[in-house]
Amino acid sequence: MSTETNIHYESRLAKLKTLQEKGYNPYPYKFEPNAFAADLQEKYKDLETGADTEDRVTIAGRAMAVRNSGMFIDLKDKSGKIQVFCHKNHLPEADLELLKCLDVGDIVGVSGYIRRTPRGELSVAAEKFDIIAKSLQPLPEKFHGLTDVEARYRQRYVDFIMNDDSKEIYKKRCQITSAIRRYFEEHGFLEVETPMLHPIMGGANAKPFITHHNALDMDLYLRIAPELYLKRLIVGGFDKVFEIGRNFRNEGIDKSHNPEFTALEAYQAYADYNTMADLIPDLLAYVAKSVLGTTVVNYNGHEIDLGKPFARKSIVDLVKEYAGIDLMQAQTVEEAQAMAKSAGVDASGCTSWGKVVQEVFDQKVEHNLIDPILVMDMPKDVSPLAKTHRSNPRLVEHFDAYVGGMEMGCAYSELSNPLEQRQRFEAQAAAREAGDEEAQMFDADFVTALENGFPPSGGMGMGIDRLAIFLTGAETIRDVIAFPTLRKKD
RNA sequence: GGGCCCGUAGCUCAGUCGGUAGAGCAUUUGACUUUUAAUCAAAGGGUCAUGGGUUCGAAUCCCGUCGGGCUCACCA
């Protein structure tokens, strides 16, 4: 961990003072480059070794390496890297003096002409050199870089400076969000914002963060999902809406879970989950194509083509296929648990038929779902906000989308009957009463909203961080979040 | 939260059986000057995460605490 008292800091501070004593400001207001490293590398890729040009450019970036006492500087800007060549023959005396105060990590601005050195390195031969941000902290060693996992996340800016992979993954993640926005806007959806402070938590089963509003003297939950508010907008006549935003869940942290994560939810009136079953694969293919340039994704050694139609199978059929038991034959929890046991799954903790189905699915099926698939028709009791299945009252019209063995998103035919919604909430409240901390709370105003007339609608949700993991091949959710949650250091 | 493992210089890492704290890069000084992890010479840099214990003596052994990793549970 860097401190303010190490020898590097002292040395850099002394150089900063030297600069200031000379009347030089190493923290100017503005500097305008007119070229970027990657563009220059491309434009001059055929320039012969040893050749000079008359072409003059101004570039700016971080000095990543300094050789021969400043004669050669590797400059890195947002686009890439280019060498700066500082020779006394082309540089004013004052600028040569500046080089004595240059450290690796400083941000510099350089004007000069393009040449390719005899060793074949495209360079800007400096005719004007400036330090435009003096860095007081040493950069990690150039060869190994910053590899300490903790340091990488605690000082993510250093990680991004040193590790191009980290930067590339985060950049792609941002492009994914952008592509999702574009997709929905192109399809007539309105991007909306709904509260993150909820008086009643709803829309998902999860443990919440609780905070307090002083003036109202009221506890509030950081939202676990925006669903119930987005549906209120559908009632209000916004027929196609989507929201991209943070959800907060007070649960464990691991490779695929961060306490705050970004979710997409979209709702479309006069549609059902079949509409969403068409939309989700289309969306995923669009995003992959936008960000990766192809629908074919290599993930964990598997080649997955998001451009092909997604399989659709019911969860009960999948359980039958992978666990060899037909849970539709079980009428009670006990029968279902017995069947689960015969398939080697301990479902003794499950309090309902649906939870047994879910448990067997989690243990026997989920990890096998590498190719994209929509797992259709969930048990009713695990999904209190979806419409009862039109052909089976034990199920709801709810599917989960799996890609690469990860649950990527879900969709429902949204429950629109206020009376049924009230009953489902009552069942959840009873489960909550019985000790199920994650059962949903009764939201009376939401029921009132439905009583005002909620059109038949399809809705979907997707975890953007997980999608980013899948599309970038990131090893952990921390790599697709700029500043992942960490324990306080002190 | 449970189990296992880790924490030594700014960074990347050695440190044997418990016996004076090490290297490379980085820094400083000097040399060199069309280098590519530039090179050469020299110097400086440490509360060995932290607090206790055992011991003549602890980076090393034991216990607590803090932080991290893996994993299980919970979960998207």
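Residues numbered from 1 in each chain as written. Chains lettered and ligands numbered in written order. Predicted model: local features only at pLDDT ≥ 70, side-chain atom pairs only at ≥ 80, totals over all residues. Heavy atoms only, no water.

With 20 residues, helix 8 (residues 273–292) should reach 28 Å at 1.5 Å per residue; the first-to-last C-alpha distance of 28 Å fits that figure. Taken as a whole, helix 8 has its buried residues at Y273, M276, A277, L279, I280, P281, L283, L284, A285, V287, A288 and V291. By the N-cap criterion, in which a side-chain oxygen at the helix start approaches the backbone nitrogen of a residue two or three places on, helix 8 is capped by D272, the distance to N274 being 2.9 Å. Immediately beyond the C-terminal end of helix 8, within one or two residues, lies G293, with a positive phi of roughly 80 degrees. (Helix = DSSP H or I, 4+ residues; strand = E, 2+ residues; numbered from the N terminus. Expected span 1.5 Å × (residues − 1). Buried < 20%, exposed > 50% of the residue type's maximum accessible area, 1.4 Å probe, protein only. Polar contact = N/O pair within 3.5 Å; in protein donor to acceptor, adjacent residues only side chain to side chain.)

Read from one edge to the other, the open sheet built from eight strands follows the order 6-10-11-20-19-18-15-14, with strand pairing classed as mixed. What marks the edges here is a single partner per strand, and that holds for strand 6 (190–191) and strand 14 (311–314). Strand direction decides the pairing type here: strand 6 and strand 10 (residues 240–248), joined by two bridges, are parallel. Directly across from E191, in strand 10, lies its bridge partner F242. Lying over the sheet, helix 6 (residues 164–186) contacts strand 6, strand 10, strand 11 (260–269) and strand 20 (457–463), oriented at roughly 155 degrees with respect to strand 10. The sheet strands contacting helix 9 (residues 315–323) are strand 14 and strand 15 (373–376), and the helix crosses strand 14 at an angle near 90 degrees. (Pairing = 2+ DSSP bridges. Contact = heavy atoms within 4.5 Å. Axes fitted to C-alpha atoms, helices over the stretch in contact; angles between N-to-C directions.)

Count 3.6 residues to each turn of an α-helix, and residues three or four apart come out pointing the same way. Counting buried residues along helix 14 (residues 464–472), eight of its nine residues qualify, which places the element largely inside the surrounding structure. Burial in helix 14 covers these residues: I464, D465, L467, A468, I469, F470, L471 and T472. Just downstream of helix 14 lies G473, where phi reads positive at about 75 degrees.

Within the secondary structure, R156 is located in helix 5 (residues 156–162). R156 sits in the buried class, given a relative accessible area of 0%. Contacts of R156, omitting those with residues within four sequence positions, involve S166, R478, D479, I481, A482, F483 and P484.

Taken together, three strands build an open sheet; the order of strands is 7-9-8 and the sheet is antiparallel. On the outer flanks of this sheet lie strand 7 (197–198) and strand 8 (210–213), each paired with one strand and no other.

What follows concerns the protein's contact with RNA strand B. Among the 48 residues in the neighbourhood of RNA strand B, the closest are listed as R119, E150, H257, R466 and R478. Here a base nitrogen of RNA strand B sits 3.1 Å away from a polar atom, N or O, in the side chain of H8. At a separation of 3.1 Å, a base nitrogen of RNA strand B approaches a polar side-chain atom of D254. Put simply, the parts of the chain that give the surface near RNA strand B at least two residues each are helix 1 (7–21), strand 3 (81–85) and helix 4 (149–154). (Near = heavy atom within 4 Å.)

What follows concerns the environment of L306. Within the element layout of this structure, L306 appears in the loop between strand 13 (302–305) and strand 14. When the C-alpha positions of L306 and I464 are compared, they lie 16 Å apart, and in sequence the two are 158 residues distant. For L306, the residues in contact, after removing those within four places along its chain, are P281, L284, A285, A288, T295, V297, P372, V403, F470 and L471.

Running from N to C, helix 9 and helix 11 (residues 353–365) cross one another at 50 degrees; their axes reach a closest spacing of 10 Å. By the criterion of interaxial angle, the relationship of helix 9 to helix 11 is oblique. Taken as a pair, helix 9 and helix 11 cross one another with a handedness that is left-handed. In contact with I315, V316, L318, V319, Y322 and A323 of helix 9, helix 11 contributes W353, V357, V360, F361, K364 and V365. (Parallel < 35°, antiparallel > 145°, perpendicular 65-115°, else oblique. Left-handed = near helix turned anticlockwise from the far one by under 90°.)

In this section: the packing of aromatic side chains. Taken as a whole and judged by the stated rule, the model has 11 aromatic pairs. Taken together, a centroid distance of 5.0 Å and an interplanar angle of 20 degrees make the contact between F184 and F242 stacked. Here F184 is found in helix 6, whereas its partner F242 is found in strand 10, with 58 residues between them in sequence. Across the pair, F242 and F184 agree in class, each one buried. Between the NZ or CZ atom of R232 and the centre of the ring of Y229, over which it lies, the distance is 4.6 Å. Across from the ring centre of W353, 4.0 Å away, lies the NZ or CZ of R394, which sits over that ring. (Phe/Tyr/Trp six-rings, centres within 6.5 Å; stacked < 30°, edge-to-face > 60°. Lys NZ or Arg CZ within 6 Å of the ring centre and 35° of its normal.)

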